[in-house]
Amino acid sequence: MKRKRKIRLGIIIVLLIAVLAASGYYIWQEMYSRVQEKKAFEKIHQLVDDENGRNISLLIEQNSDCIGWVSIPGTTLDYPVMYTPDNPQKYLRLSFEEKYSFSGVPFLDARCSLKSDNLIVYGHNLKNDTMFSSLGGYVQESYSRKHPEIEFETESEKAVYSVFAVVQVDENDEWYNFVDAPNSKNFSSYIDEIKNKAVYTTDAVPEFGQQLLTLATCYGSDKSGRLLIISVKK
């Protein structure tokens, strides 16, 4: 009887060691992958940054899926933006070099074009202060006062957008269907609705004809929770 108990105990110990080893390896592999991804983005920075700003054309030469660069001065949000209308979520788990990546690359909604009334850009909310993780700071109004502008640079222009609204919504919120406004009434309807849902808004209230930029990321304990940082083109 005692021998059987010892055997069972031995088996349990071996299984626990195996589980711990597997978990440790998984954690190490994920950490290593994220470090490598961070280095890869640093190389992209070195490639496109020069004394005159960013060479977006060179970036597009490296990967034709790229359409520009989004950044928020004074934060870690500083990345290329991809656009694949025929494969909407291609870069959800792909790197700029088109290899598997836990972080992915920010990408423009497939329904948009660079001329859309509302540019919706998606990015992951990661715990290592990369991708769109810094957007969580905007829940505090003081953070918005420190970082009131978002830059979106394309091959044709470097546009600056003023933060207008910070909103917590569900992944199926109607705002995701707002890409183009056929008239001022439709535009105003969307703006009024999002103002009512907002955690807060600023004085940069959009007017019909002004382009909006929406940065969207996961947020909160609910898997379907999303955080939207909506800004208006200056």
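Residues numbered from 1 in each chain as written. Predicted model: local features only at pLDDT ≥ 70, side-chain atom pairs only at ≥ 80, totals over all residues. Heavy atoms only, no water.

*Asks:* Help me understand the pairing of strand S7 (residues 149-154) in this model?
*Replies:* Look at any regular strand and the pattern is simple: side chains alternate between the two faces of the sheet. Across the 6 residues of S7, 5 count as buried, placing the element largely inside the fold. Taken together, the 4 bridges between strand S3 (residues 66-71) and S7 define a ladder with antiparallel strand orientation. Note that in S7 the partner of serine 71 across the bridge is glutamate 151. With 5 bridges joining them, S7 and strand S8 (residues 158-170) adopt antiparallel strand pairing. Across the sheet, the residue bridging to glutamate 153 is lysine 158, located in S8. Hairpin connection of S7 to S8: 3 residues between the antiparallel strands. (Buried < 20%, exposed > 50% of the residue type's maximum accessible area, 1.4 Å probe, protein only. Helix = DSSP H or I, 4+ residues; strand = E, 2+ residues; numbered from the N terminus. Pairing = 2+ DSSP bridges.)

*Asks:* Is there a simple way to think about helix H4 (residues 184-197) in this case?
*Replies:* The terminal C-alpha atoms of H4 lie 20 Å apart, and with 14 residues this matches the ideal 20 Å at 1.5 Å per residue to within 8%. Listed as buried for H4 are Phe187, Tyr190, Ile191 and Ile194. Down the axis of H4, the smallest arc covering the buried residues is 95°, so these residues share one side. In H4, the exposed positions that point more than 90 degrees away from the buried face belong to Lys185 and Asn196. (Expected span 1.5 Å × (residues − 1). Arc of directions from axis to C-beta.)

All we've got here are geometric facts, nothing functional implied.
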